[in-house]
Amino acid sequence: MRKKQLLLMIIVVVGAALFLSVIGYVWMKRDKEEYARWLAGYRGIWVSADGKHKLTVRRTTSAHMVFSFENNDTGKGLSLASAVATGDGEYVFYYSVESYKEKNVQKNRLNYGSDFEGKILLNEKEIHVEVERNKQAVSDGFVFQGKLKKKEALPKVEEVNLTALMGKRIPRKYDEWKSLVCLEEQQRKVSRVHIIWDDKRNYKSMEKYVLSDIDCFCLSSDLENALGKPVSEEKLDANRYKRVFEKGNFRYEFITDGYGLVVEADCQYRKPIRGRREGDFIIEGDTLLRYLGDYEKERRIEFPKGVKRIAEGAFTVEDSALFSTCIRVSELKIPKGILVEPYAFRNCGKWKIELEDGWTTVEEKSFAHMIEKDKQRSRPKWVEVVLPKTMRRLRENAFALEESEIQELYDSGTQGLSPLVVKLNDTLEYIEDDALKGILCEDIPSHLIELGTNFFYSYMNENYGYVVYEDNTYRLPATLKKIARSTLLSPNRYVIIKGDLPQLYGKLDYQEESDWEIQLEDKKQWEELFKRLVDGQRLTEQEEKEIRLRLSGEKVYYEDDWEIMYDSDEEDDWDDENW
């Protein structure tokens, strides 16, 4: 009897405990849901009483707040950041002031960092903000301590899921999206989508784009909730992380910034439509079809074994994938015997490329158009290519850039840095027409036999962000046998020719403002040069005066009414108006 009573008592106690647990769970769930609804009510645009400061709350959870805070008068602020919860309705964020130059003007911007602290407190129908007072923040108009009232709700945004485009034809609106997303196709179907949310100036126009269930307001914790555990994780610079996920038929790559916010996303097929995947490359047979790696960290890329050809566009990347200020240089060595198809590196990322020993020729257009035309001026020394001692010939347009205003800077002798640096070697013998078009070279190979059109040469020194041209002289080697007229008589260049005048070819377009200076070791060569300057064209009197002939030695001789002048150790001080 007692055993039955004891058993019944145990059952009652356990049942009561379970009942209370269920009640407690339901109560806690309701409380949690209620708290989440309360936090969600703070989404919106909040402004100070004077309308000067604006806080845009994008998302609030019990752990984080995603927001932007700015001074409407100065335009300075944090464009998109995350604050960490330190209590109920209390959040803390940190930031630093980054200095940068824009058109040689020193400026500041606020970014992720640990130098300064800010607090956000949620009160009834208002938000209290405290930004740490510091000299730098004061100068940027970012200091604020006070209350903000809600002005309006966030505008509704119709989401565009980029993942849904996979396997379909590229939409007609692709051109409209080109500055926002990177779409690639194989066999006329989208095989990869890539989006950059990291351009803080334009994130408002990109917030409608999502990848799977991830948008630009998601944190690293949201990735695991949506896609499971990452298959790999890598720490990048500036406390950024790269995480790779695989779910279903897709492979996802996400990069998060210092605040833990997702700033870059990529979706590809786990098994490519065409070829096979080896690391960050897609390869078909012995042809490298595509490089898929990121540019967020300095890397040494190993060339896949067995590859004998690099396909056109293999290293092309949409400019939208290079918005980030965290882009770094990757190194790539290309073995001899590799056939590089024309435009294989068109509009590529930031690279240091070394052609290994054994390379003798760079074929036509193999490395042409490596930097977009409208980006050349803003990307000095973006790509560097090192040629081996075995290199002998650069064929037409081998490294040519698309013509842009940067070439006008070279012609005028004003400041400008070459966006593409090609390290020439003394063993190089042939530089064909436009092989180095748009590139400012610092050397002329001493064994050069042929020099084609559009060759820019100048010695440069960098000083405080400026380029000083110290020597605009072509010192043509004695081995030179053939040179384009337009190269020999480039505007604002002083030419020294050793030995016989090389064979001239091609047309010459006169420019009235051009100054041509040619120095010969033998004054008798003047008559020959004069006859060969232009294909049978007679020079006008004005054109004759624009051509200055300087002879080496103590005396300088001039024909007809051009008087004899004597060189001295003093600096040349003759006046152009006397001619």
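(A) Structural context of the overall build of the chain. Per the secondary structure count, the chain includes nine helices and 42 strands. Sequence separation of 24 or more characterises 53% of the internal contacts of the chain that already satisfy a separation of 6 or more.

(B) Summary view of the sheet that holds strand S24 (residues 351-355). Ordered by their spatial adjacency, five strands build an open sheet running S20-S22-S24-S26-S28, and the pairing between neighbours is parallel. Strands with a single pairing partner mark the edges of an open sheet, and in this sheet they are strand S20 (299-301) and strand S28 (420-423). On average, each strand axis in the sheet is tilted by 15° relative to the strand beside it, whichever way the strands run.

(C) Representation of unusual backbone geometry. With phi around 65°, Tyr343 is a residue other than glycine that occupies positive phi space. Mapping Tyr343 onto the fold places it in the loop between strand S23 (339-340) and S24. The phi torsion at Asn397 lies on the positive side, around 60°, for a residue other than glycine.

(D) Region of the structure containing helix H5 (residues 220-227). Buried within H5 are the following residues: Asp222, Leu223, Ala226 and Leu227. In an axial view of H5, the angular spread of the buried residues amounts to 110°, which keeps them on one side of the axis. Packing partners of the buried residues in H5 comprise strand S2 (53-60), strand S14 (241-247), strand S15 (250-256) and strand S16 (262-269). Positive phi appears at Gly228, one or two residues downstream of H5, with a value of about 85°.

(E) Geometry of the environment of Cys267. Residue position: Cys267 is located in strand S16. With sequence-adjacent residues up to four places away left out, Cys267 is seen in contact with Thr163, Met166, Ser191, Arg192, Val193, Leu211, Phe250, Arg251 and Tyr252.

(F) Main features of the packing of aromatic side chains. Summed over the entire model, instances satisfying the criterion amount to 22 aromatic pairs. Between Tyr35 and Trp38, the ring centres sit 5.7 Å apart and the planes meet at 25°, which makes this aromatic pair stacked. Residue Tyr35 and its partner Trp38 are located together in helix H1 (residues 2-40), separated by three residues, close to a single helical turn. Classification of Tyr35 as partly exposed rests on a relative accessible area of 23%. Its relative accessible area of 29% is what places Trp38 among the partly exposed residues. Between the aromatic rings of Phe281 and Tyr291, the centroid separation amounts to 5.4 Å while the plane-to-plane angle is 55°, which identifies the pairing as tilted. With Phe281 in strand S18 (residues 281-284) and Tyr291 in strand S19 (residues 287-291), this residue pair connects regions lying 10 residues apart in the sequence. The same class applies to Phe281 and to Tyr291, which are both buried. Through successive ring pairs, a cluster of aromatic residues spans Phe281, Tyr291, Tyr295, Phe315, Phe345, Trp351, Phe367 and Phe399.

(G) Looking closely at the nonpolar core. Of all hydrophobic cores here, the largest spans 59 residues; its most connected members are Phe315, Ile334, Phe345, Leu394 and Phe399. Elements with a minimum of two residues in this core: S18, S19, strand S22 (330-334), S24, strand S26 (383-386) and S28. Here this core gets three residues from one element, more than from any other, and that element is S24. Apart from residues lying up to four places away in sequence, Ile334 is in contact with Phe303, Ile310, Phe345, Ile353, Glu354, Leu355, Glu356, Trp359 and Phe367.

(H) Quick peek at the sheet that holds S14. Strand order in the open sheet made by the six strands is S10-S11-S16-S15-S14-S13, with antiparallel pairing throughout. In the strand order of this sheet, the two ends are held by strand S10 (181-186) and strand S13 (232-235), each with one partner. Within the sheet, the average angular offset between the axes of one strand and its neighbour, ignoring direction, is 15°. Alignment of S13 against S14, held across four bridges, turns out to be antiparallel. The residue of S14 that forms the bridge with Lys235 is Tyr241. With respect to the sheet, H5 is in contact with S14, S15 and S16, its orientation differing from that of S14 by roughly 10°.

(I) Structural detail: the confidence of the model for the chain. Averaged over the chain, the pLDDT score is 78; the fraction of residues at 70 or greater is 71%. For the chain, the element scoring lowest by mean pLDDT is strand S42 (residues 565-566), at 30; strand S27 (residues 393-394) scores highest, at 98. Below a pLDDT of 50 lies the segment residues 534-539, which in the model reaches 14 contacts outside its immediate sequence neighbourhood of four places, other chains included. Confidence drops under a pLDDT of 50 for residues 542-579, and excluding neighbours within four residues, the segment shows 63 contacts in the predicted structure.

(J) Main features of the side chain of Asp294. Structurally, the position occupied by Asp294 is in the loop between S19 and S20. Note on Asp294: relative accessible area 8%, which makes it buried. In terms of polar contacts, Asp294 uses its side chain to reach the side chain of Lys242, at 2.7 Å. Within the local environment of Asp294, its side chain forms a polar contact with the side chain of Arg299, the two groups lying 3.0 Å apart. Apart from the residues lying within four places of it in its own chain, the contact partners of Asp294 are Lys242 and Arg299.

(K) Spotlight on the pairing of strand S4 (residues 77-87). As judged from the six bridges shared by strand S3 (residues 64-71) and S4, these two strands associate in the antiparallel manner. Each residue of the ladder has a partner; that of His64, found in S4, is Val84. Linking S3 to S4, which pair antiparallel, is a turn of five residues; within it Gly75 sits at a positive phi near 75°.

(L) Molecular detail of the pattern of salt bridges. This model, assessed by the stated rule, comprises 30 salt bridges. Between Lys297 and Glu234 there is a salt bridge, with its nearest N and O atoms 3.7 Å apart. Within this pair, whereas Lys297 is found in the loop between S19 and S20, its partner Glu234 is found in strand S13, the two being separated by 63 residues in sequence. The salt bridge partner of Asp237 is Arg328, with a shortest N-O separation of 3.0 Å. Of the two residues, Asp237 sits in the loop between S13 and S14 while Arg328 sits in the loop between strand S21 (309-310) and S22, which places them 91 residues apart along the sequence. A relative accessible area of 28% means that Asp237 is categorised as partly exposed. Taken together, the shared-partner salt bridges connect Glu234, Lys242, Glu246, Arg251, Glu253, Arg270, Arg277, Asp280, Asp294, Lys297 and Arg299 into one network.

(M) Just the environment of Glu159, in detail. For Glu159, the location among the structural elements is in the loop between strand S8 (145-152) and strand S9 (160-161). Residue Glu159 is classed as exposed on the basis of its relative accessible area, which comes to 54%. A sequence separation of 47 residues divides Glu159 from Met206, and the C-alpha atoms of the two residues are 9.9 Å apart. Excluding anything up to four places from it in sequence, Glu159 contacts Lys208 and Val210.

(N) Local environment of the side chain of His194. Positionally, His194 belongs in strand S11 (residues 189-196). Of the polar contacts made by the side chain of His194, one reaches the side chain of Glu264; its length is 2.8 Å. One polar contact links His194 to Asp266, side chain to side chain, over a distance of 2.5 Å.

Calculation rules
Residues numbered from 1 in each chain as written. Predicted model: local features only at pLDDT ≥ 70, side-chain atom pairs only at ≥ 80, totals over all residues. Heavy atoms only, no water. Helix = DSSP H or I, 4+ residues; strand = E, 2+ residues; numbered from the N terminus. Contact = heavy atoms within 4.5 Å. Pairing = 2+ DSSP bridges. Axes fitted to C-alpha atoms, helices over the stretch in contact; angles between N-to-C directions. Buried < 20%, exposed > 50% of the residue type's maximum accessible area, 1.4 Å probe, protein only. Arc of directions from axis to C-beta. Phe/Tyr/Trp six-rings, centres within 6.5 Å; stacked < 30°, edge-to-face > 60°. Core = buried A, V, L, I, M, F, W, Y, C linked by side-chain atoms within 4.5 Å. pLDDT = per-residue confidence, 0-100. Polar contact = N/O pair within 3.5 Å; in protein donor to acceptor, adjacent residues only side chain to side chain. Salt bridge = Lys/Arg side-chain N within 4 Å of Asp/Glu carboxyl O.

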